[in-house]
Amino acid sequence: MANSTTGAITYNSYLKIDELLSLQQPRSAGPEHDEMLFIIVHQVYELWFKELLHELDRVSHLLQDDKSHRAQHTLKRILTILKVLVAQLDILETMTPLEFLSFRARLEAASGFQSDQFRQIEFLLGAKNEKAIARFPDGSRARAALQRRYGEPTLWDAFLRYLAREGYQVPSSHLARDVAAPVAPTPEIQDLLVKIYRSDPKNAELCERLVDLDEGVQEWRYRHVKMVERTIGAKMGTGGSSGAEYLRNTVGRNLFPDLWEIRAQL
Ligand code: HEM
C-alpha cells in the first residue's frame, strides 16, 4: 500500500510496519510485562532463520556454479548473523525464572521445538530427521518445506560435488549418496581434506568457513541449553521433551564430522 495522497512508497508501506506491529499478541492476563519480550525475541529469531535459509540456499547455488569466492563471502554473512543469534540470548536471560513462570502456562504445548525453519536449517546442513516432518499438519507450509528439503542435497553434498569438479577424487559413492542419510565421517574424504589443507589455500579457507558454521550452530545450542537450565532447571519442556536433558544431547554433534576428524592428522 502506497502513500494515499502521493501514491509513493513509504517506509511504512514498503516494510508493512502496521502489519508487523500487530503481530505481537500476549496471551497472559494483564498482560504480564515479560511476555512481550518473549514474543518479540522469538519472532526476530524466525525472521533471522528466514534470512539464514535464504543465504544458505545461495551458498549451495554458488558452489554448484563453482563460484567459491562468492560462496565464502555469503558464508561470512551467515556467520555474522549466527553471532547475532547467539548474542540475542543475553536479552532473554535478563528474564528471571519467576518472570518466565508468570506466563509460561499460557504457552501450553508451544515450544521452539516446533520451529519448522530451525528444522529446515538442520536439514539443509545435513541433520535430517524424517520424524520431524510428521509433526507438522498435512498440507501446511511447514510440512511442504521440510518435505522438499528432506529430498534435496545438503550443503555438504554441494561442497563434495564442488570438490569433485575442482579435480579431487571424491568417490562416486559419496557423490551419489542418499542425501537424506546422516553425514558420516569417512577416511577417503578425510585424506582428500588433508591434501586440501596442505596444498590448496583457496579451498582450505572454504573448509574453515564450514567449520565456523558448524561451531556457530553448536555455540547457539550450548547457549540455548544454558539459558534453559537457568530459567526452568530440570523441568520438562513445554514441547514435551525432558527439557535441558534433551537439549544437552544435541550439543557437540558435529555437522561436518570429517572436517573435525582431520585436525588430528594435520
Ligand atoms: C525462556 C526462554 C526459553 C526456554 C525456557 C526454552 C526452552 C526450551 C526447551 C525446554 C526445549 C526442548 C523442547 C521442549 O520444549 O520440550 C527447547 C527447544 C528449542 N528451543 Fe527453546 N527455549 C527458550 C527460548 C528459545 C528461543 C528464543 C528460541 C529461538 C527461536 C528457541 C528455539 C528452540 C528450538 C529451535 C528448539 C529445538 C531444539 C532441538 O530440537 O534441537 N528457544 N526450548
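So, here is what we can say about the structure in this document.

Scoring rules and cut-offs
Residues numbered from 1 in each chain as written. Predicted model: local features only at pLDDT ≥ 70, side-chain atom pairs only at ≥ 80, totals over all residues. Heavy atoms only, no water. Near = heavy atom within 4 Å. Polar contact = N/O pair within 3.5 Å; in protein donor to acceptor, adjacent residues only side chain to side chain. 1 Å grid on protein atoms, 1.4 Å probe; cavity = no way out; pocket = protein on both sides within 12 Å on 5 of 7 lines; lining within 4 Å. Sits in = over half its atoms within 2 Å of the grid points. Phe/Tyr/Trp six-rings, centres within 6.5 Å; stacked < 30°, edge-to-face > 60°. Helix = DSSP H or I, 4+ residues; strand = E, 2+ residues; numbered from the N terminus. Buried < 20%, exposed > 50% of the residue type's maximum accessible area, 1.4 Å probe, protein only. Core = buried A, V, L, I, M, F, W, Y, C linked by side-chain atoms within 4.5 Å. Contact = heavy atoms within 4.5 Å.

Turning our eyes to something else, we now look at the site of the ligand. Taken together, the neighbourhood of the ligand is formed by 29 residues, with Ser 111, Arg 119, His 224, Ser 241 and Tyr 246 sitting nearest. Arg 119 is positioned such that a nitrogen or oxygen atom in its side chain is 2.6 Å from an oxygen atom of the ligand. His 224 places a polar side-chain atom, nitrogen or oxygen, 2.9 Å from a nitrogen atom of the ligand. Among the cavities detected, the one that contains the ligand is the largest pocket.

This part covers the packing of aromatic side chains. Applying the stated criterion across every chain, the model contains 11 aromatic pairs. Relative to Phe 103, the ring of Phe 100 has its centre 5.5 Å away and its plane inclined at 80°; by these criteria the two rings are edge-to-face. Of the two residues, Phe 100 and Phe 103 are both situated in helix H5 (residues 97-104); the distance of 3 residues between them amounts to about one turn of the helix. Like Phe 103, Phe 100 is buried. Through a chain of ring-to-ring contacts, three or more aromatic side chains come together here, namely Tyr 45, Phe 49, Phe 118 and Trp 220.

Our focus in this paragraph is the nonpolar core. Within the largest apolar cluster, 61 residues are counted, with the highest numbers of intra-cluster contacts made by Leu 155, Phe 159, Leu 193 and Leu 213. Broken down by element, the residue count for this core peaks at 12 residues, all from helix H12 (residues 201-232). The contact partners of Leu 155, leaving out residues within four places of it in the chain, are Leu 56, Val 59, Ser 60, Leu 63, Leu 124, Leu 125, Leu 210, Leu 213 and Phe 256. Formed by 8 residues, the second largest nonpolar core is a distinct cluster that contains Ala 132, Ile 133, Phe 136 and Ala 142.

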